Amino acid sequence: MHRSRHPRCPPVGLSLVELLVALAVLAILAAVALPVFQSFGIRGSRAEAQADLMVCAQGMERAVGVGFGYAGLVDSDEDGAGDADTGPVSANICTANGLDYTISVQSAGTTSFTLRAVPATAGNRVDGDGVLELDSDGTRRWDRNDDGDFDDDGEGRWSE
């Protein structure tokens, strides 16, 4: 004997169409939210690199107080004493906290230096994730569009 459902009992479960609509809504939300979350991550990494550059600039100033210039402050052989003009920052200058940027001394001379922060994941860069620089005069540069130079409008400062 065939039993029919009582007219007052609601159907149980979701139909296939309802499930597909719910999945479509979730996919649209994910497509909108993912770039927003990525931009927050990029901004956070960049802010951390900026803070590392400032700490390393202070380290350069402390180290120059002992010597007679900025040249030769990079400890390339890790013996605790500076022996190179350029290269990754060494413990005698500063310790960078960020992992997303590599901090280095781009140039150093008797009276000036330039520190550079390069994103560690070169193949995955997006707009706003370019090279940062800080020099001994306090000039801050950001290759915002990651085209390899600091000549474009707005790249002479770190802020957006």
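Caption draft 1: Representation of the nonpolar core. If you look at the biggest cluster of nonpolar residues, it comprises 25 residues, and the most contacted ones within it are L53, M60, V105, L115 and L132. At the level of elements, α1 (16-66), β2 (101-108), β3 (113-119) and β4 (132-135) are the ones that each hand at least two residues to this core. The dominant element in this core, judged by the number of residues it contributes, is α1, at 7 residues.

Caption draft 2: Representation of the state of the cysteines. Taken as a whole and assessed by the stated rule, the structure comprises 1 disulfide. Residue C56 pairs covalently with C94 via a disulfide, S to S 1.8 Å. Torsion about the S-S bond of the C56 and C94 cystine: about 65°, corresponding to right-handed handedness. Of this pair, C56 sits in helix α1 while C94 sits in the loop between β1 (87-88) and β2, and the two are 38 residues apart along the sequence. On the accessibility criterion, C56 (0% relative accessible area) is buried.

Caption draft 3: Fine view of the packing of aromatic side chains. Under the defined criterion, the tally for this structure stands at 1 aromatic pair. Look at Y70 and F113: their rings are 4.9 Å apart centre to centre, the planes differ by 65°, and that puts the pair in the edge-to-face class. One end of the pair, Y70, is in the loop between α1 and β1; the other, F113, is in strand β3, and 43 residues separate them in sequence. In this structure Y70 comes out as buried when scored by relative accessible area, which is 9%. With relative accessibility at 2%, the residue F113 sits in the buried group. The ring of F150 carries the charged tip of R141 above its face, separated from the ring centre by 5.9 Å.

Caption draft 4: Fine view of the pairing of β3. The element β3 is largely enclosed, with a buried count of 5 among its 7 residues. Pairing geometry for β2 and β3, over 7 bridges, is antiparallel. Bridged to S107 within β3 is T114. Counted along the chain from β2 to the antiparallel partner β3, the turn is 4 residues long. As paired strands, β3 and β4 are joined by 4 bridges and run antiparallel to one another. Each bridged residue has a counterpart across the sheet, and for T114 the counterpart in β4 is D135.

Caption draft 5: Looking closely at the environment of P119. As for its position among the elements, P119 is in strand β3. A residue is classified by how much of its surface remains accessible, and P119, at 4% relative accessible area, is buried. For the pair P119 and L99, spaced 20 residues apart in sequence, the C-alpha to C-alpha distance is 9.0 Å.

Cut-offs used in this document
Residues numbered from 1 in each chain as written. Predicted model: local features only at pLDDT ≥ 70, side-chain atom pairs only at ≥ 80, totals over all residues. Heavy atoms only, no water. Core = buried A, V, L, I, M, F, W, Y, C linked by side-chain atoms within 4.5 Å. Buried < 20%, exposed > 50% of the residue type's maximum accessible area, 1.4 Å probe, protein only. Helix = DSSP H or I, 4+ residues; strand = E, 2+ residues; numbered from the N terminus. Disulfide = S-S within 2.5 Å. Phe/Tyr/Trp six-rings, centres within 6.5 Å; stacked < 30°, edge-to-face > 60°. Lys NZ or Arg CZ within 6 Å of the ring centre and 35° of its normal. Pairing = 2+ DSSP bridges.

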